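# Overview (structure and organization)
Here is how the chains run, residue by residue.
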Protein chains: 4
Amino acid sequence: MFHGVVPPLCTPLTEDGEVDTASLARLTGFLLEAGVHGLFVGGSTGEIAQLTDAARDTALRTVVATAAGQVPVLAGAIDTGTLRVLDHARRAQALGADAVVVTAPFYVGVAEPEVRAHYELLHKALELPVVAYDIPSNVHYKLPPALLGELAQAKVIAAVKDSSGDLESFQRVLDGAAGSGAGVLTGSETLADLALARGADGIVPGLGNVDPHGYVRLYEAARAGDTDAARAEQRRLVELFAIVEVADRTRVGRMSGALGAFKAALAARGVIAHPYTQAPLLPLTDAEARTVAQLVAAAGLEPVG
Amino acid sequence: MFHGVVPPLCTPLTEDGEVDTASLARLTGFLLEAGVHGLFVGGSTGEIAQLTDAARDTALRTVVATAAGQVPVLAGAIDTGTLRVLDHARRAQALGADAVVVTAPFYVGVAEPEVRAHYELLHKALELPVVAYDIPSNVHYKLPPALLGELAQAKVIAAVKDSSGDLESFQRVLDGAAGSGAGVLTGSETLADLALARGADGIVPGLGNVDPHGYVRLYEAARAGDTDAARAEQRRLVELFAIVEVADRTRVGRMSGALGAFKAALAARGVIAHPYTQAPLLPLTDAEARTVAQLVAAAGLEPVG
Amino acid sequence: MFHGVVPPLCTPLTEDGEVDTASLARLTGFLLEAGVHGLFVGGSTGEIAQLTDAARDTALRTVVATAAGQVPVLAGAIDTGTLRVLDHARRAQALGADAVVVTAPFYVGVAEPEVRAHYELLHKALELPVVAYDIPSNVHYKLPPALLGELAQAKVIAAVKDSSGDLESFQRVLDGAAGSGAGVLTGSETLADLALARGADGIVPGLGNVDPHGYVRLYEAARAGDTDAARAEQRRLVELFAIVEVADRTRVGRMSGALGAFKAALAARGVIAHPYTQAPLLPLTDAEARTVAQLVAAAGLEPVG
Amino acid sequence: MFHGVVPPLCTPLTEDGEVDTASLARLTGFLLEAGVHGLFVGGSTGEIAQLTDAARDTALRTVVATAAGQVPVLAGAIDTGTLRVLDHARRAQALGADAVVVTAPFYVGVAEPEVRAHYELLHKALELPVVAYDIPSNVHYKLPPALLGELAQAKVIAAVKDSSGDLESFQRVLDGAAGSGAGVLTGSETLADLALARGADGIVPGLGNVDPHGYVRLYEAARAGDTDAARAEQRRLVELFAIVEVADRTRVGRMSGALGAFKAALAARGVIAHPYTQAPLLPLTDAEARTVAQLVAAAGLEPVG
């Protein structure tokens, strides 16, 4: 289940801050047509941390309905503590998710035995497979590669999504999980070809919302052993990734800068209706959005439909 | 409303991980009898980040009912994004809280204009006063003193709870909020006398669960201008605070170490039935709990009732 | 030897980047006339990290000659490794310093036993007393209060200069060193009154270059038990300390911002000839320097001589 | 000049802490025989931060004499401020170094314009080429890829040594320096094959002291386009790199753990006489050194000579 290109879907919003289900269905269809291998709803890029429980559910319901079983749907169950995560995960299970994606506990610092207990408790309480999500920039804790290896071998986790940006550590996760059957996915937009060359099973690129065809080509080339083609595609995507640097960072944080650019690009391509972001995240300014649209056009990405 | 000793209540649990409402009511009564001036339900010490929404509500309902209007009840509305906080705050409002306590957004990094928007949106949407909660160790963002001053002067926030441990910054918050009517509270267990000498309106000490009488004496002495008495009481409490260092920190995180010690001490004093903590936080070992009990006894704190 | 107001002297420079010995002698005389109790040459504020060995020596020689035994002269021996520090300390000893001030090792991370070995080796090899200098913002390591207490009790260190800004930890250093005879000094410009109230022996304020009379008054008031007078003086100095916020921080770092302001203020008061800073540190712009001069005048500080 | 395998030489010491010139000459010869393309004296691994100026000079003199012009010798000029670096660089120039390696300023925080000024001033003042050394773990500042690109294009720097461990940023350095003629070297022991595949000109691996033949094979395979052979060699070296995890990290820091292991391995192979480290760094315990020796033997590395 855990392989290939699995974009973390943006959550398009209406002017009132509600989930724009029509745009979300359109985005889902756009990704499926591009040939992605899975859909990840409710990641950081999906503004999971800003959406209410009701909005989280609406987004998941929409994607599950549109995907209609064509590819697996992974649902983020992101919260500060184990039982809070469990509540989200059970709702995701009821709504038809195929797996849940879970970070280490955050807000209060924890030690490794507590992180281990967190995943073990969730594994026991759930029927869905659990994907461990390593994203130290948000959680302020790096999941230890050795722990991930042990949890994979013990079948406590079914996959790892590594958004640490640290390839040395990623290699250790790959080695530790080898033979366990657990999938190992990278969240890197810009090192995906190297991660695949090292043995990653798949990619979860935020930029994959904007250019899913590019990441599918990259993945297929890597899988076919054509490292030159994979690298060329990667280089093209690295250039496109410059859109996340457009926003004025004294006005918005890193997340708004990236997410706002993805949404502006999707609006420019006609995939979603509006580039609104959820409070307190601020969207790009009009001028910034125009710059993003120019970069998107310069990358050869055309309006859809 | 925002002055004096306002302990952040621990949330006692049953063996099954449910809120132990009888123990929580007993703890509430214990604090009221000691003369505290407010009650803070759902802080970090209250395991807000580990409790489900249902458990958060049970805890708040229990304390509101026991307090019965004798002192104000502040409720933590701690979550990653603005609308998620708003959901919690509305539930707290419905359950009878007198104010809500709100951190900066967390999990995704934000810039100052986004933090400002966060508090402004909450202020507009709520009837309850909003207390800004500065706890960089958990949120990984320090609320800028200048921003807090502006929000206080604009009546967007009604008080500040400063758990940053940084007295230089605290002084700037005091100066910035001066004349606004906003309360300025320190979360420091060990510098409370200095904070009060500098003009703090109150204290929110986690250790106040264990020794509320001590903090009430400290506060009254400081208020009466008796700095020697305040300091002597503070020194005694600093020694007692050593209980948070008892836990083996390779086994548990900083939070479990502090919280586990508070609960072990409260159990040793007979205020609560059990020292259980909520997953994934681990309680002290039996040996550690015995050490805590000895330190509590050595500080002259006797079993209650 | 380690008590009272001990300013960390700025190192005035000529346009060519040489030590301006005439200005430095004038600054030394200015401080002595104000009644300071010691002189600290070669601290961070003295640009020790930017000065060549030759320039370090010139600065120390100048101050020792001007002080002529009226007050003790402490010399920074700041470098990355133990033997490098030893070389500096021996030169300082030969030049007439009364003590050397030494940080934990930096550049490569070390563990506590290595820090202990560092101070023990220096103590054994030197005849001068060693002052432990805790400045985590520069060294990226916080000297553990318990270790400082042990080193003080064992007479390995003769004093502590705490520039951590953390009063909770400072209290633990005071407690740990109590009875050892070691001096405990704070480097805080803005919490000096509180540190003295808690038992500090002295103050090492960078801002003391600019307003030594204010810090001497603060110290004398605190020593006489007049906390109101000490606090009033402190509040005045806190306002003056705003000069360190004048510089545009996208152009220069925190250090240049503070140091550049001290030098601009000293030039405005006529104590030193030029506000130049040592490469790569950049001085304030002319406009920034004028703002500093206005703040200095607004604080009632007049040109000297 | 800046390509291939350029190991950062360990500095062997006698029991008295002096540079063991016989062992250092032997190490130099061992590396040359293995076919390395350059020698880097005075890096972090060379204990530059712990060696006195005299010892730094002795080490450089020894290696220059032994190398006798067969390959270029790079000399670290590592210090906190620009003029201090300049002093070291001029001595290195006089001693026959072919280039100097320079970090951003450290100890006091600086802004980007100050870092730029630092390199520009050094470039103007020196005849030797300057290599920018990006090692955020030690310097606590990450050299911005865009700045490195600009400095390379302007011929201010002749090469970059990237020890940041961040391949995404490394790619941006490669892109930014493309066409400038500047060499781009990675300091990564474990991602060297990927860095070379991405276009790196060379490798500066600390582990290259222990197994220079392995890194030369890896480099030659990568250069010949044989990515499978490069990767196989890399995997073998990753396993050997486990020696840096042997030390008890409550006793010593990360640097002592790595460096102590390299020296223990070199002693086990008979290349150097003793595994002593320079104060305050502590060597491995005897038991740890035996474990390292076993790992070295298990990797098929035999005693030399």
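Going by the annotation in an unreviewed UniProt entry, the name recorded for chain A is Dihydrodipicolinate synthase family protein, with Actinacidiphila epipremni given as the source organism. The UniProt entry for chain A carries this comment under Sequence similarities (unreviewed entry): "Belongs to the DapA family."

## Some thoughts on the sheet that holds strand β6 (residues 159-162) of chain D
All names here are of chain D. Reading across from one edge, β1-β8-β7-β6-β5-β4-β3-β2 is the order of the eight strands in this open sheet, with parallel pairing throughout. Looking at the sheet topology across the chains shown, the edges are occupied by β1 (4-5) and β2 (39-41). In terms of strand pairing, β2 meets strand β3 (residues 73-76) through three bridges, oriented parallel. Across the sheet, L39 pairs through a bridge with V73, a residue of β3.

## Looking at the pattern of salt bridges
Taken as a whole, this structure holds 56 salt bridges over all chains when the rule is applied. Note that R91 of chain C and D53 of chain C form a salt bridge whose closest N and O atoms lie 3.8 Å from each other. Taken together, the residues R91 of chain C in helix α3 (residues 82-94) and D53 of chain C in helix α2 (residues 53-67) connect sequence positions 38 residues apart. One salt bridge connects E233 of chain D with R217 of chain D, and the closest N-O pair in it is separated by 3.0 Å. Taken together, the residues span a long stretch of sequence, with E233 of chain D in helix α10 (residues 227-240) and R217 of chain D in helix α9 (residues 212-223) at a distance of 16 residues. By relative accessible area, which is 12% here, E233 of chain D ends up buried. Among the ionic contacts, a cluster of salt bridges with common partners joins D53, D57, D79, R84 and R91 of chain A together with D53, D57, D79, R84 and R91 of chain B.

## Re the interface of chain C and chain B
With 14 residues of chain C at the interface, the matching set in chain B holds 14 residues. Both faces combined, the contact of chain C with chain B buries some 1,500 Å², and carbon together with sulfur accounts for 43% of it. The largest contributions to the chain C side of the interface with chain B come from E168, L194 and R198 of chain C, which together make up 39% of the buried area. Inspection of the chain C/chain B interface yields 12 residue pairs in polar contact (both at pLDDT 80 or more). Tallying contributions element by element places helix α7 (residues 167-177) of chain C first for the side of chain C that touches chain B, with four residues. The residue inventory of the side of chain C that touches chain B, partitioned by class, reads four nonpolar, four polar and six charged.

## What about the environment of R61 of chain C?
Residues and elements named next belong to chain C. Along the chain, the position of R61 falls in helix α2. On the basis of relative accessibility, which here comes to 45%, the residue R61 falls in the partly exposed class. Residues R61 and V244, spaced 183 residues apart in sequence, show a C-alpha to C-alpha distance of 29 Å.

## Digging into the side chain of S256 of chain C
Relative to the helices and strands, S256 of chain C resides in helix α11 (residues 254-268). On the basis of relative accessible area, S256 of chain C is assigned to the buried category, the value being 1%. Separated by 2.4 Å, the side chains of S256 of chain C and E114 of chain D make a polar contact. Setting aside its immediate chain neighbours within four residues, S256 of chain C contacts A261, L281, L282 and L284 of chain C together with E114 of chain D.

## Quick word on the interface of chain B and chain A
Of the residues lining the interface, 47 residues belong to chain B; the matching set on chain A comes to 47 residues. Inspection of the chain B/chain A interface yields four salt bridges. With a closest N to O distance of 2.8 Å, R84 of chain A and D53 of chain B form a salt bridge. Among the elements of the structure, α2 (53-67), α3 (82-94), α4 (112-125), α5 (136-139) and α11 (254-268) of chain B are those that each provide at least two residues to the side of chain B that touches chain A. Of the residues forming the side of chain B that touches chain A, the biggest block, five residues, is contributed by α3 of chain B.

## Observations concerning the relation of the copies chain B and chain A
For the pair of chain copies, the relating transformation is a rotation about an axis with a translation along it. Aligned on chain A, chain B shows an RMSD of 0.0 Å; the corresponding rotation is 180 degrees and the shift along the axis is 0.0 Å. One copy is carried onto the other by what is essentially a two-fold rotation axis. Looking at chain B, 100% of its interface residues are interface residues in chain A too, so the copies touch through the same face.

## Structural notes on the environment of D53 of chain A
In this structure, the C-alpha to C-alpha distance between D53 of chain A and R91 of chain A, residues 38 residues apart in sequence, is 9.5 Å. Not counting residues within four places of it along the chain, the set of residues in contact with D53 of chain A comprises H88 and R91 of chain A together with D53 and R84 of chain B. A polar contact is formed between the side chain of D53 of chain A and the side chain of R84 of chain B, at a distance of 2.8 Å.

## Details of the packing of helix α1 (residues 21-34) of chain C against helix α9 (residues 212-223) of chain C
Residues and elements named next belong to chain C. With their axes 9 Å apart at the nearest point, α1 and α9 run at an angle of 30 degrees to one another. By the criterion of interaxial angle, the relationship of α1 to α9 is roughly parallel. As for the relative orientation of α1 and α9, their crossing is right-handed in sense. Contacts between α1 and α9 pair F30, L31 and A34 from the former with P212, H213 and V216 from the latter. When its residues are assigned to classes, the contact of α1 with α9 shows five nonpolar, one polar and no charged.

## A short note on the pairing of strand β7 (residues 183-186) of chain B
All names here are of chain B. Judged by which residues are buried, β7 turns out to be covered on both faces: G183 and L185 on one side and V184 and T186 on the other are all buried. Where strand β6 (residues 159-162) meets β7, four bridges bridge the pair, whose relative direction is parallel. Bridge pairing links A159 to G183 in β7. Where the polypeptide runs from β7 across helix α8 (residues 192-197) and back to strand β8 (residues 202-203), its parallel neighbour, the crossover connection is right-handed.

## Considering the packing of aromatic side chains
Taken as a whole and judged by the stated rule, the model has 10 aromatic pairs over all chains. Between F40 of chain B and Y133 of chain B the ring centres are 6.0 Å apart and the planes differ by 80 degrees, which places this aromatic pair in the edge-to-face class. Taken as a pair, F40 of chain B in strand β2 (residues 39-41) and Y133 of chain B in strand β5 (residues 130-134) lie far apart in primary sequence, 93 residues in all. Residue classification places F40 of chain B among the buried residues on the basis of a relative accessible area of 1%. These aromatic residues form a ring-pair network of at least three members: F106 and Y107 of chain A together with F106 and Y107 of chain B.

## Notes on unusual backbone geometry
The peptide bond linking A279 of chain A to P280 of chain A adopts the cis configuration, its omega dihedral lying at 5 degrees. Position of P280 of chain A relative to the elements: it lies in the loop between α11 (254-268) and α12 (286-298). A positive phi is found at Y107 of chain A, a non-glycine position, where the angle reads about 80 degrees. Mapped onto the elements, Y107 of chain A comes out in the loop between β4 (99-103) and α4 (112-125). Looking at Y107 of chain A, the relative accessible area reads 4%, which means it is buried. In this structure, H140 of chain B is a non-glycine residue whose phi angle is positive, near 60 degrees.

## Quick notes on the sheet that holds strand β1 (residues 4-5) of chain B
Taken in spatial order, the eight strands make up an open sheet running β1-β8-β7-β6-β5-β4-β3-β2 (chain B), and their pairing is parallel. At either end of the open sheet lies a strand with only one pairing partner, and these are β1 and β2 of chain B.

## Description of the relation of the copies chain C and chain B
When chain C is fitted to chain B, the residual RMSD is 0.0 Å, and the transformation amounts to a turn of 179 degrees plus an axial shift of 0.0 Å. Of the residues that chain C buries at the interface, 100% are likewise interface residues in chain B, meaning the two copies contact each other through the same surface.

## Re the side chain of S188 of chain A
Looking at the secondary structure, you find S188 of chain A in the loop between β7 (183-186) and α8 (192-197). Within the structure, S188 of chain A has its side chain in polar contact with the backbone nitrogen of T190 of chain A (distance 3.2 Å). Here E168 of chain D takes part through its side chain, which lies 3.0 Å from a polar atom of the side chain of S188 of chain A. Aside from chain neighbours lying at most four places away, what touches S188 of chain A is D162 and I203 of chain A together with E168 of chain D.

## Notes on the pairing of strand β5 (residues 130-134) of chain C
Residue and element names in this part refer to chain C. Across the five residues of β5, five count as buried, placing the element largely inside the fold. Here β5 shows two buried faces, one formed by V130, A132 and D134 and the other by V131 and Y133. Bridge count for strand β4 (residues 99-103) against β5 is four bridges, and the pairing is parallel. Across the sheet, T103 pairs through a bridge with Y133, a residue of β5. Since β4 and β5 lie parallel, the crossover through helix α4 (residues 112-125) that links them has a hand, and here it is right-handed. As paired elements, β5 and strand β6 (residues 159-162) share four bridges and run parallel to each other.

The rules we used
Residues numbered from 1 in each chain as written. Chains lettered and ligands numbered in written order. Predicted model: local features only at pLDDT ≥ 70, side-chain atom pairs only at ≥ 80, totals over all residues. Heavy atoms only, no water. UniProt positions renumbered as here; feature names shortened; annotations may be inferred. Pairing = 2+ DSSP bridges. Helix = DSSP H or I, 4+ residues; strand = E, 2+ residues; numbered from the N terminus. Salt bridge = Lys/Arg side-chain N within 4 Å of Asp/Glu carboxyl O. Buried < 20%, exposed > 50% of the residue type's maximum accessible area, 1.4 Å probe, protein only. Contact = heavy atoms within 4.5 Å. Buried area = accessible area lost by both parts, 1.4 Å probe. Polar contact = N/O pair within 3.5 Å; in protein donor to acceptor, adjacent residues only side chain to side chain. Nonpolar A, V, L, I, M, F, W, Y, C, P; charged D, E, K, R; others polar. Least-squares fit on C-alpha atoms with pLDDT ≥ 70 in both. Axes fitted to C-alpha atoms, helices over the stretch in contact; angles between N-to-C directions. Parallel < 35°, antiparallel > 145°, perpendicular 65-115°, else oblique. Left-handed = near helix turned anticlockwise from the far one by under 90°. Right-handed = clockwise from strand over helix to strand, strands pointing away. Phe/Tyr/Trp six-rings, centres within 6.5 Å; stacked < 30°, edge-to-face > 60°.

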